[in-house]
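Spelled out, the chains give:
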Number of protein chains: 2
Amino acid sequence: MVDHIAIIGCGAAGATAAMQARKFNRDVEISLYNTENYSQYSRCGLPYTISGKVKEFDDLVLMPPDSWNGLKIDAKFGVTVTNIDHNARVLTYNGPDGEATQKYDALIFATGAENADPPIKGLDKKRVYGLRTLDDAKALAAEADKAKKAVVIGGGLVGMETAEAFHERGLDVTVVEFLPHVLLAMVDPDMAEIVEEHCRNHGLKILNNTAAQEVTGTDSPKGVIVKDRVTEEQSEIPADFVVVATGVRPITNLAEKMGVEIGKSRGIVTDDKMLTNLPDVYAVGDCAESTEFITGTRMAGGLGTIAVRQARVAGINAAGGDVRFPGIVGAKVTKLFDLEIASTGLTDDLAKRFEVPIVKGSIKGSTKPHYYTGGLELKVKTYFNKETGKLVGGQLVGLEDAAMRINVITLGIQHNIDAKDLFDFENCYAPAICDTWDPLVQSADAARKRLKI
Amino acid sequence: MVDHIAIIGCGAAGATAAMQARKFNRDVEISLYNTENYSQYSRCGLPYTISGKVKEFDDLVLMPPDSWNGLKIDAKFGVTVTNIDHNARVLTYNGPDGEATQKYDALIFATGAENADPPIKGLDKKRVYGLRTLDDAKALAAEADKAKKAVVIGGGLVGMETAEAFHERGLDVTVVEFLPHVLLAMVDPDMAEIVEEHCRNHGLKILNNTAAQEVTGTDSPKGVIVKDRVTEEQSEIPADFVVVATGVRPITNLAEKMGVEIGKSRGIVTDDKMLTNLPDVYAVGDCAESTEFITGTRMAGGLGTIAVRQARVAGINAAGGDVRFPGIVGAKVTKLFDLEIASTGLTDDLAKRFEVPIVKGSIKGSTKPHYYTGGLELKVKTYFNKETGKLVGGQLVGLEDAAMRINVITLGIQHNIDAKDLFDFENCYAPAICDTWDPLVQSADAARKRLKI
């Protein structure tokens, strides 16, 4: 019998775990510990507070602090869990009211991730920011009101979305990307090139293959010294402020200390019940490592969709239920200057790393039939396992209907369809919407022929 | 050994069958007979020649007449097949060059459908049109240049798309629908109400539950006498011209004459190879009856997507291959005044007719997270078999991303997923695109709870 569930962290993962535990079990006691002073807010929405697409910071707060009372969940903000004695099942926390302890039966880690600062000199200056918290966003939104030049170090999802936001606010923005292209954790180089060209056409500066070496200036930034990794030439990009968005690492110190197993991805190892190696201890969200659906490789999800799905499973199981997390496919999507970029499953790079032999269906299609005005180019790639023909990934880039199409590929992956099945897919058709053979089906056809199925 | 394939009809079905037969078999002789003087054009695109969203009539022609030579396909236009002697495998046709015969080994009916004129007086007047052929569209586009008032009889897909087109050209348009709502072959009444309200807000007049009784006027229309089927009140709607769009019936006279079996839907009965009851005789597209995927009910597809998929199967099989048509799910979609209306599988009405007990997941969601500006309301319904939990249908109405979402439901139906599977679907998520739990997933959650799975 579980009398008390303690949940550490109140991001999307922690909050969802708490709510789902409550939905499943009206009687169990639930306590929630958050280091930040805010209740659950949307982390992914933060860049849009800068551009104004999210109007108020408060709009991002999905669970107002007092809403927890109504759910009979004891949520504490601005508190830090400092020690866990899992043998005695007691945790110690510290906050505005001093130190206190709480007995628990089940424990859920939803501690999230933190910015992993890269080896760049001068990151300790004022006006050098990450974008992980609501306070970060508030500081950055204030910069948009006064600054003229911004350098964003890191061209991943957060870096690109933040760069777009500042550009929309009229700033001169340069993205510095260490790798040959932006968004390589999400799409193949040829897709990234389309994104880069589109963003550059909108005035965003992107430096690929470029190492940020030092933030210059005395108190606050004067510029960023960068080195072209091909020519080795150095130069300084002027900057009033700097955003560092070079990735995150799971927060696992408390878990490690109590003997919870940490995986190769640096996340907490979990099974499909979201249980760790210790009894009654769960981990969910950005701090956890789960199984990738296609190959079974263990990985940190790092996505809001994954976090809430894992959290639901942990919340219900901790509260006495028995549900399973089906694994991470890894659907990722964003929109930059109206260009939709979508990806799911394995990219070319991931397939190589996971040693999955692949056959590609790659086409340039149109969102609408050619005879109907206003159709827009859509670049589609689908990936299939060369040996089994199974669908293992896909990417789309286009100015409309790219994101929603990736959903078809993800569902297909989750249900083990092959190239012939995707070719047999009965897409919807109308001149104002889409052609009789959807570009997805066309790409499956290309792969099917290569696979001879 | 097949030496010669004769294909009757050169719409999407006939043309696709010819092209796929050729792709599969370089050597087989192929002849194609079309009563119209045009080579394959997009029938679904016809309404958009009126509004100008399709700029030129010629834009709709997907296979220019001379393109057939390059494929070594003997395509004849403006000819009618008048007799078929299947014992001798000889057909007789009549055209501008007089009567001639052709020996064949395999025969494909792709004769399509024709307007089924309803019992309304005065339909023989000038300026009373159907919208089935390119010539119909040309006549209607000319009306848009001169007329002021139009009455469209029938609020199905073609009727509504045609009404929208004339409204966009500035005409005063009234749709007269016999049934309680428009689009009932596609969506449930509550969804149709949303569509009607939207169209009326844009100025389109829609009379539901209304029987058109007579087109008045001498030579050409003065108006249409209609009767309210509830109050039985009669009135006359002024009209400069009238469009009749009350549905179609398969063209099967030639097939019937040679002993091909006709089904309850009035289409030609086929198996999953698209073969009829006669050896080496196939039927595809609007003239054919196929199996509905979920219940196995035999039905005419009446959709371009179905036509080309059936035609591919028949073309390849006639040319010596062995492929199968997986059955009709029946995904339907359109856009009216920017509102996307999408449907797939069983509606409430179809489920009743096919005696499938259903559980519904019905929600009003938003296309984007509530904190992000610009999200639009999305009405979502998913249907599941009450006994098995399997997904059997879905409908979406909304100003964006409704059509593309129906594709997920269709693929799910084709792969026998249930409410729990759809709830476990890992939709893509980004503030600018969609929330963490897609409205589709939310609707599955509602149904899953009812189904207790």
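Residues numbered from 1 in each chain as written. Chains lettered and ligands numbered in written order. Predicted model: local features only at pLDDT ≥ 70, side-chain atom pairs only at ≥ 80, totals over all residues. Heavy atoms only, no water.

Details of the packing of helix α10 (residues 403–414) of chain A against helix α10 (residues 403–414) of chain B
Cut-off, in case you're wondering: To obtain an axis, a line is fitted to C-alpha atoms, over the contacting stretch when the element is a helix, and the angle between two such axes runs from 0 to 180 degrees between their N-to-C directions. By the criteria applied, helices consist of DSSP H or I runs no shorter than four residues and strands consist of E runs no shorter than two, each listed in order from the N terminus. When an angle is under 35 degrees it counts as roughly parallel; over 145 it counts as roughly antiparallel; between 65 and 115 it counts as roughly perpendicular; any other value is oblique. Helix crossings get a hand from a simple test, with the near helix turned counterclockwise from the far one by less than a right angle marking a left-handed crossing and a clockwise turn marking a right-handed one. In this analysis, two residues are considered to be in contact whenever any of their non-hydrogen atoms come within 4.5 Å of each other. When residues are grouped by polarity, Ala, Val, Leu, Ile, Met, Phe, Trp, Tyr, Cys and Pro land in nonpolar, Asp, Glu, Lys and Arg in charged, and all others, Gly among them, in polar.
The geometry of α10 of chain A relative to α10 of chain B is characterised by a closest axis approach of 8 Å and an angle of 15 degrees between their N-to-C directions. Considering their axes alone, α10 of chain A and α10 of chain B lie roughly parallel with respect to each other. Between α10 of chain A and α10 of chain B lies a crossing of right-handed hand. When α10 of chain A is examined against α10 of chain B, the residues Met 404, Arg 405, Asn 407, Val 408, Leu 411 and Gly 412 of chain A are found in contact with a partner set consisting of Met 404, Arg 405, Asn 407, Val 408, Leu 411 and Gly 412 of chain B. By residue class, the composition of the contact of α10 of chain A with α10 of chain B is six nonpolar, four polar and two charged.

Some thoughts on the domain arrangement of chain A
Residues and elements named next belong to chain A. For clarity, the cut-off: Delimitation of the domains relies on an automatic or database domain assignment. Throughout, buried area stands for the accessible area (probe radius 1.4 Å) lost by two parts on being put together, summed over both. Basic side-chain nitrogens of Lys or Arg form a salt bridge, by our definition, when they fall within 4 Å of a carboxyl oxygen of Asp or Glu. Two N or O atoms form a polar contact when they lie within 3.5 Å of each other; inside protein one atom must be a possible hydrogen donor and the other a possible acceptor, and for residues adjacent in sequence the pair counts only when both atoms belong to side chains.
Each domain of chain A was delimited in the assignment, giving domain 1 (4–113 + 248–318), domain 2 (117–244) and domain 3 (332–451). Centre-to-centre separation of domain 1 and domain 3, based on C-alpha positions: 34 Å. Listed per partner, the contact involves seven residues of domain 1 and eleven residues of domain 3. The junction of domain 1 with domain 3 conceals about 640 Å² of combined surface from both sides, 82% of it contributed by carbon and sulfur atoms. For the domain 1 face of the interface with domain 3, the top three residues by lost area are Phe 293, Ile 294 and Thr 295, together amounting to 60%. Across the contact surface, domain 1 and domain 3 share zero salt bridges. For the pair domain 1 and domain 3, the interface holds zero residue pairs in polar contact (both at pLDDT 80 or more). By residue class, the composition of the side of domain 1 that touches domain 3 is four nonpolar, two polar and one charged.

Brief notes about the sheet that holds strand β2 (residues 29–34) of chain B
Residue and element names in this part refer to chain B. What counts here: Note on pairing: DSSP must find at least two bridges between two strands before they are called paired.
In spatial order, the strands read β3-β2-β1-β7-β19; together these five strands make up an open sheet with parallel pairing. Looking along the sheet, the strands with just one partner apiece sit at the ends: β3 (73–77) and β19 (281–283). Averaged over all neighbouring strand pairs, the angle between strand axes comes to 15 degrees, with direction disregarded. Here strand β1 (residues 4–8) runs beside β2; their pairing, made up of five bridges, is parallel.

Some words on the packing of helix α1 (residues 12–24) of chain A against helix α8 (residues 304–318) of chain A
All names here are of chain A. Two numbers describe how α1 lies on α8: the axes approach to 7 Å, and their chain directions differ by 40 degrees. For the crossing formed where α1 meets α8, the hand is right-handed. Contact residues: Ala 12, Ala 13, Thr 16, Ala 17, Gln 20, Ala 21 and Phe 24 in α1; Ala 307, Val 308, Ala 311, Arg 312, Gly 315 and Ile 316 in α8. Grouping the amino acids of the contact of α1 with α8 by side-chain chemistry returns nine nonpolar, three polar and one charged.

Here's the deal with the environment of Thr 231 of chain A
All names here are of chain A. Selection criterion: Exposure is judged per residue with a 1.4 Å probe applied to protein chains only, and the accessible area is read against the type maximum: over 50% gives exposed, under 20% gives buried, and values in between give partly exposed.
In this fold, Thr 231 is placed in the loop between β14 (223–228) and β15 (234–238). Here Thr 231 falls in the partly exposed class, since its relative accessible area comes to 45%. Along the sequence, Thr 231 and Thr 210 sit 21 residues apart, while their C-alpha atoms lie 9.8 Å from each other.

Observations regarding the relation of the copies chain A and chain B
Where we set the bar: Alignment of copies: least-squares fit on C-alpha atoms of residues with pLDDT of at least 70 in both copies.
Mapping chain A onto chain B calls for a screw motion: a turn of 180 degrees about the axis and a shift of 0.0 Å along it, with 0.0 Å RMSD after fitting. Look at the turn and shift together and you get a two-fold axis relating the two.

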